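Each chain, letter by letter, is given below.
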Amino acid sequence: MVTDIGGVNDKSFNQSAWEGLKKLEGNGVTVKYLQSKSDADYIPNMNTFVKDNYDLVWGIGFLMGDQLKTVATQNPNSKFAIIDNVVDAKNVESVTFAENEGSFLAGVVAGLMTKTNKIGFVGGVDIPVIKRFDLGFEAGVKAVNPNATITKNYTGAFDKPDLGKAAAATMYNAGVDIIFHASGATGNGVFNEAKDRVKAGKKVWVIGVDKDQSLEYGDDVTLTSMVKRVDEAVIRVTKDVINGQFKGGTTQVLGLKEDGVGLPDTSKKNVPADILAKVDDYKKKIISGEIKVPTAQ
Amino acid sequence: MGKLLRWIGSDSFVVSLVAILLGLICGAIIMLIGGYNPIVAYIALFQKIFGSPYDIGETIREITPLILTGLSVAFAFRTGLFNIGAEGQFLIGMTGATFVGVKLSGLPWIVHAPLAVIVGALAGGLWGALAGWLKASRGVNEVITTIMLNWIGLFLSNYIVASFLLQPGQQRSYMIQDTASMSLPWLAAAFGNARLHWGTVVALLAAVVFYIILWRTKLGYELRAVGHNPHAAQYAGMNVNRRMVTAMFTAGIFAGLAGVFEVLGVFHYQTVMAASPGYGFDGIAVSLLGMNNPFGVVLGAALFGGLTYGSAGMSFGADVPPEIIRIVIGSVIFFVATQGIVRYVLLPFYKRRGKEVAKA
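Because the structure is predicted, anything quoted here is derived from the model rather than measured. (Residues numbered from 1 in each chain as written. Chains lettered and ligands numbered in written order. Predicted model: local features only at pLDDT ≥ 70, side-chain atom pairs only at ≥ 80, totals over all residues. Heavy atoms only, no water.)

## Here's the deal with unusual backbone geometry
Residue and element names in this part refer to chain A.
Thinking step 1. In this structure, Asn 53 takes a positive phi of about 60° despite not being glycine.
Thinking step 2. Within the fold, Asn 53 resides in the loop between α2 (42-51) and β1 (57-60).
Thinking step 3. On the basis of relative accessible area, Asn 53 is assigned to the exposed category, the value being 64%. (Helix = DSSP H or I, 4+ residues; strand = E, 2+ residues; numbered from the N terminus. Buried < 20%, exposed > 50% of the residue type's maximum accessible area, 1.4 Å probe, protein only.)

Structure follows, in C-alpha cells:
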C-alpha cells in the first residue's frame, strides 16, 4: 500500500486504509506500507511493491490517479487498486464513495444542533471528492435548517494542520459553532483550535471525517464523524485478491446502502436521540431514493 | 582532471568521508535506541540505491535537480551573495516551461523542447536577477528578498497554473505537448522505466560551465573578486552592482533549469502546490556539502539525493518508520555540513590571524 503525502498517521484516510489492511495480516498474508514524501515518490513506491511481486498494490487517494495508471500500464500482470479515483485499466480496481450521502447526514446533525445558525466547512483541496462532502453537507443542513449559513474554506492542502487551525480560528471568531472538515491531516489543526476554545470555556464542535475521530480527539470536541469505511473497502478488495476473485477494470461506488459511509455509533454521546432518529429517517429516504443528494463529478 | 584528482586526495575530501561515517554511526545509534537493526537498515538503504537498474535510474532522477539548485546557491555564494531563493527560481522556471510546454503546439521537437527550456531558464534567471537588482540598486539584503520571493514565486506559480493551465477536475495543469518532452524514453526503457531525462546531462554540463565561467573568464574573475571583497573590487574599477545582478541572474538560471526539467522530464505536468517541493532549500545544504565547488556540488547532490531516495528502502526492507529515517538522514547531513559550518565560522579567525602575522 502506498500512502499519499498525508502519511500513514494522518488520523484519517491513509490510517484507516492501513488499519483495514493490517486486519488481514497473518495466515500467509503479508502487508506493508510505503509513505510518500512528495509527488515524485508515488511511482517509485508503487514500483517497489510491483518489483517485489506483491499480489496487490493499493494507491490511497485521488492524487495518485495518473501515476497509478502509468505504473499499471507498464506492469499489466500486476494487480492494483485505488481509493477515491477511477483509473481505467484492466488490472485496476477503483473504489469510490458516495461521500455526499454520508455528509448529508452530518449536515442534518449540524443543522439541528447549531445554536448560532452559523456552520463552517473546511475542505482540503478543491477536487471532486471533497466537493461531494461539501455539497452533501450543505444539502443536509438546508434540509433541516434553511436559516443556517455555511462558511466554506478550501485550504488547498491535506497535510497542513497550521492552515486548518487558522481557518477554524477565523470561523469560530465569526460565530460559527460547528465545523465539518474534510481535509485529511489539515483537519488536525481544526480539532486543535476547537480544543483550545473548549478549554477556554466556549462550546464549539467539530464534525470529523473518514474515521470515527471522537476516538482520537475525544467527545468534548467531536460532535460526530462522517465515517468513510476506507478500511472496509480495502478489506473487501484485498480479500477478493486473496480468494482469487479480483475483478479489475471495474469501479465500486460505496454509499449509505453498502454501509460504505455513515455516522458512527459513538454519535449518541453528544447527539440527542430525537435528532439521531431524524438522521435515521433521512438515511432511509436516501437509500430508498426518495431524496437525491447533489453530487459532483 | 588532474585538479579533480588532487581535490579527491585532499584533506577536505577525507574530512567529508569521515563526516559521512560519523553521521551513519550516529544514525545507527538512534535506530538501536528505537529497536531497529541498523545493519539490516543500511544494507536496505544501499540496495535501494544500487539494487536494480530501475533504482539507479530513479536515484539519478532524484539527484539531478539537486545538482542544479546546489550550483545555483554555490554560484551566488562565490560572489558573496546568499541565494536562499533557489526555491522560488525553481518554481518560476518550472512554470515558464509548463506554460510553453502546454500552450504552444504544432512545433517540431527540436524547436519546442529547447524553447521551453530556454523560456523556463530565463524566467528563473530573471526571478533571481530581481533580488540581485534590489541589492545592487537599493541595498536590500538578498537573504530577505530571496526568502520573500520564494513565497511570491510559489503563489504566482499556483495562480498561473490554476487560472491558465488547469485541467478541469484535476489539481494540475494539462499535460505538456509531446514535442516539449525532455524525457529519454529509450534510456528509461533500459533502466526499467525509471524517469530519466536530458536534465541530468544539462546538470553535469552546467557544473562544467560554472567552473569555466568562474575560473576561466574575466567575468568570473570579477565575480569572485566581488565575492572576496566588494570594496577592493570597486576600487579596482569593477562594476560591483552590475556583477551582483549578473551573479543572481546566473544563479537563477541554474535553479530555473532544475524546475524546467522536473516538468519536461519527470512529471510532464505541474500541480497546484500547497508548499514548495524543497529542492531549492536542499540546494543550500548541497552547496554547503560541496563547499561551493562545482564538482563538490555534484558529489554533494549525489549523497543527498541517494539518501533521500534510498530511505524508502529502509522503510520497505527493514521496517524502520519514516520518522526515524529522517533523523538518520538529518544526522548524516549534520555531520557533513558542520565541518563546512566550522570552516566557515573559523574563516574570519584565520584572516585575523593572517593580519596579525602580517603586522608583526
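## Here's the deal with the UniProt feature "transmembrane region" (unreviewed entry) in chain B
All names here are of chain B.
Thinking step 1. According to UniProt, the "transmembrane region" (unreviewed entry) feature falls on residues 12-45, 106-131, 143-166, 196-214, 244-261, 296-318 and 324-346.
Thinking step 2. In the segment residues 106-131, helix accounts for 88% and strand for 0%; the C-alpha atoms at its two ends are 36 Å apart.
Thinking step 3. Each end of residues 143-166 is marked by a C-alpha atom, and these two atoms are 33 Å apart; helix forms 96% of the span and strand 0%. (UniProt positions renumbered as here; feature names shortened; annotations may be inferred.)

## Some words on the sheet that holds strand β3 (residues 92-97) of chain A
In sheet architecture, strand pairing relies on hydrogen bonds along the backbone and comes in two forms, parallel and antiparallel.
All names here are of chain A.
Thinking step 1. Spatially, the 4 strands line up as an open sheet ordered β1-β2-β3-β9, and their pairing is parallel. Of all strands in the sheet, those bounded by a partner on one side alone are β1 and β9 (251-254). Neighbouring strand axes in the sheet, compared pairwise and without regard to direction, differ in orientation by 20° on average.
Thinking step 2. Relative to strand β2 (residues 80-83), β1 runs parallel, the two being bridged by 4 bridges. (Pairing = 2+ DSSP bridges. Axes fitted to C-alpha atoms, helices over the stretch in contact; angles between N-to-C directions.)

## With respect to the domain arrangement of chain A
Accessible area lost when the parts come together is the quantity often used to give the size of an interface.
Residue and element names in this part refer to chain A.
Thinking step 1. Per the domain assignment, the segments making up chain A are domain 1 (13-97 + 230-254) and domain 2 (99-228 + 264-288).
Thinking step 2. For domain 1 and domain 2, the distance between their C-alpha centres works out to 29 Å.
Thinking step 3. In this complex, domain 1 contributes 10 residues to the contact, which on the side of domain 2 involves 9 residues.
Thinking step 4. Each partner contributes to the roughly 870 Å² buried at the junction of domain 1 and domain 2, and carbon and sulfur atoms together form 59% of this total.
Thinking step 5. The largest per-residue losses of area from domain 1 upon contact with domain 2 belong to Phe 13, Phe 62 and Phe 97, which jointly make up 50% of the total buried on that side.
Thinking step 6. Applying the counting rule to domain 1 against domain 2 returns 2 salt bridges.
Thinking step 7. The shortest N-O distance in the salt bridge between Glu 19 and Lys 211 comes to 3.3 Å.
Thinking step 8. The interface formed by domain 1 and domain 2 includes 5 residue pairs in polar contact (both at pLDDT 80 or more).
Thinking step 9. The element contributing the most residues to the side of domain 1 that touches domain 2 is helix α1 (residues 13-23), with 4 residues.
Thinking step 10. Looking at the side of domain 1 that touches domain 2 residue by residue, the class counts come to 5 nonpolar, 3 polar and 2 charged. (Domains from an automatic or database assignment. Contact = heavy atoms within 4.5 Å. Buried area = accessible area lost by both parts, 1.4 Å probe. Salt bridge = Lys/Arg side-chain N within 4 Å of Asp/Glu carboxyl O. Polar contact = N/O pair within 3.5 Å; in protein donor to acceptor, adjacent residues only side chain to side chain. Nonpolar A, V, L, I, M, F, W, Y, C, P; charged D, E, K, R; others polar.)

## Looking at the domain arrangement of chain B
All names here are of chain B.
Thinking step 1. You can read the domains of chain B as domain 1 (1-34 + 322-360) and domain 2 (37-319).
Thinking step 2. Domain 1 puts 22 residues into the contact, and the matching count from domain 2 is 19 residues.
Thinking step 3. Seen at the junction of domain 1 and domain 2, the total is 0 salt bridges.
Thinking step 4. Where domain 1 packs against domain 2, one counts 2 residue pairs in polar contact (both at pLDDT 80 or more).
Thinking step 5. Elements with a contribution of two residues or more to the side of domain 1 that touches domain 2: α1 (2-9), α2 (11-33) and α15 (322-359).
Thinking step 6. Among the elements that take part in the side of domain 1 that touches domain 2, α15 stands out by supplying 10 residues, more than any other.
Thinking step 7. Grouping the constituent residues of the side of domain 1 that touches domain 2 by class yields 17 nonpolar, 4 polar and 1 charged.

## Re the pattern of salt bridges
All names here are of chain A.
Thinking step 1. Applying the stated criterion across every chain, the model contains 24 salt bridges over all chains.
Thinking step 2. Among the salt bridges present, the one from Asp 134 reaches Lys 152, with a minimum N-O distance of 2.9 Å. Of this pair, Asp 134 sits in helix α5 (residues 128-144) while Lys 152 sits in strand β5 (residues 149-154), and the two are 18 residues apart along the sequence.
Thinking step 3. Asp 134 sits in the buried class, given a relative accessible area of 2%.
Thinking step 4. With its nearest N and O atoms 3.5 Å apart, the salt bridge here joins Glu 232 to Arg 229.
Thinking step 5. Given a relative accessible area of 38%, Glu 232 falls into the partly exposed group.
Thinking step 6. The network of salt bridges with common partners includes Lys 23, Arg 229, Asp 231 and Glu 232.

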